[in-house]
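Letter by letter, the chains look like this.
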Amino acid sequence: MADGAIVLRGVAKVFRRRGEQTNALAPLDLNIPEGQFVAVIGPSGCGKSTLLRLVAGLLEPDAGTVSVAGQSPLGARQAKWFGLVPQTPALLPWRTVRGNIGLLGELNRGGARARGDSHLVPVEVETLIATVGLQGFESALPHELSGGMQQRVALARAFALGAPVLLMDEPFAALDELTREEMRFLLLSVWDGRGRPAAAGPAEPHRPRTVLFVTHSIEEAVLLADRVLVLSARPGRVVADLPIDLPRPRVAAQADSDEFVHHTRNVRAALRQGAGR
Ligand code: ADP
């Protein structure tokens, strides 16, 4: 199955530390089709990051199975199916903007492509730099950039390999409100293929990537996603699975529409229900 579908069946996770047991994730069933943008929201500590790490193959479930494009998360990770955007940009401090964005491509050169991994559609580093608005900063080091600019680099890096699945763990949480809004629309434009600067020539056929996006923000979830999963307090289980049918491309003005407000109200109600309030 050469797609970005993510399927979880009966997945549970328990952490054991110093004789203490934390049930992080209740048995969870989930089916995310290829190309869907899914936002995951829930109270702190309900297992959102755990869910992401299970899908990324960074954790093993205690029960159940996870598959990504029909393979194990570990297999998918080794075959570079994931672009990962963590909470903090985690850039290599000694590499320039260009060097950080191009790093995975350099490591991969002649590797994945030679093995015929057609799921990777690499994007030119220079194109990405232009898309995320970092022209003129190509040779800057991370410490010379603002937090927002660093997160732009992290976003570009996640897109560089053209991996079909993007896993994002509150990537904009540490940014100020204006930068955060800018980054949301930037993400959407890169995701749906509109984010190509004119200089990059005609757009290639675009295959939307599957996105699993963890957030604390109700507005962010509704603005970005095709579907919002609301998790309960720990151990996380899905209390609501809400389709967001707002037209795309999404624009800032939509946030004032009745439909938008209706969706945010539904997410808020489900969050309250999941928190037992
Ligand atoms: P969220 O992302 O929703 O805030 P997490 O997935 O990070 O929640 O964590 C879920 C629960 O599991 C929390 O109670 C957290 O303290 C616990 N937890 C997460 N990782 C570990 C770990 N490596 N060892 C022990 N407990 C952990």
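This text follows the structure it describes.
To start, this report covers the structure provided alongside it. (Residues numbered from 1 in each chain as written. Predicted model: local features only at pLDDT ≥ 70, side-chain atom pairs only at ≥ 80, totals over all residues. Heavy atoms only, no water.)

Topic: the sheet that holds strand E8 (residues 227–231)
A sheet is described by the order of its strands in space; here six strands give the open sequence E5-E6-E7-E3-E8-E9, paired in mixed fashion. The two strands at the open ends of the sheet, each matched to only one other strand, are strand E5 (82–85) and strand E9 (238–243). Ignoring strand direction, the axes of neighbouring strands in this sheet form an average angle of 15°. As defined by bridge partners, E8 adjoins E9 across five bridges and the pair is classed as antiparallel. Counterpart to leucine 231 in the pairing with E9 is valine 238. (Pairing = 2+ DSSP bridges. Helix = DSSP H or I, 4+ residues; strand = E, 2+ residues; numbered from the N terminus. Axes fitted to C-alpha atoms, helices over the stretch in contact; angles between N-to-C directions.)

With respect to the site of the ligand
Taken together, 13 residues sit near the ligand, with Gly45, Lys48, Ser49, Thr50 and Arg234 positioned nearest. Residue cysteine 46 places a main-chain N or O atom 3.1 Å away from an oxygen atom belonging to the ligand. Within the contact set of the ligand, an oxygen atom lies 2.9 Å away from a backbone nitrogen or oxygen of lysine 48. Burial of the ligand by the protein chains amounts to 71% of its free accessible area of 560 Å². Those elements that provide at least two residues to the shell around the ligand are strand E1 (6–17), strand E2 (20–32) and helix H1 (48–55). Ranked by residues supplied to the shell around the ligand, first place goes to H1 with three residues. In the shell around the ligand, the residues fall into four nonpolar, six polar and three charged. (Near = heavy atom within 4 Å. Polar contact = N/O pair within 3.5 Å; in protein donor to acceptor, adjacent residues only side chain to side chain. Areas by Shrake-Rupley, 256 points an atom, 1.4 Å probe, with all protein chains shown as cover. Nonpolar A, V, L, I, M, F, W, Y, C, P; charged D, E, K, R; others polar.)

What about the packing of aromatic side chains?
One pass over the full model with this rule turns up three aromatic pairs. With a centroid separation of 5.3 Å and an interplanar angle of 85°, the aromatic rings of phenylalanine 37 and tryptophan 191 are classed as edge-to-face. One end of the pair, phenylalanine 37, is in strand E3 (residues 37–41); the other, tryptophan 191, is in helix H6 (residues 177–191), and 154 residues separate them in sequence. Residue classification places phenylalanine 37 among the buried positions, given a relative accessible area of 0%. By relative accessible area, which is 5% here, tryptophan 191 ends up buried. A ring pair is formed by phenylalanine 37 and phenylalanine 213, whose centres lie 6.0 Å apart and whose planes are at 40°; its orientation type is tilted. Placement of phenylalanine 37 in strand E3 and of phenylalanine 213 in strand E7 (residues 210–215) is noted, with a sequence separation of 176 residues between them. Each member of the pair, phenylalanine 37 as well as phenylalanine 213, is classed as buried. (Phe/Tyr/Trp six-rings, centres within 6.5 Å; stacked < 30°, edge-to-face > 60°. Buried < 20%, exposed > 50% of the residue type's maximum accessible area, 1.4 Å probe, protein only.)

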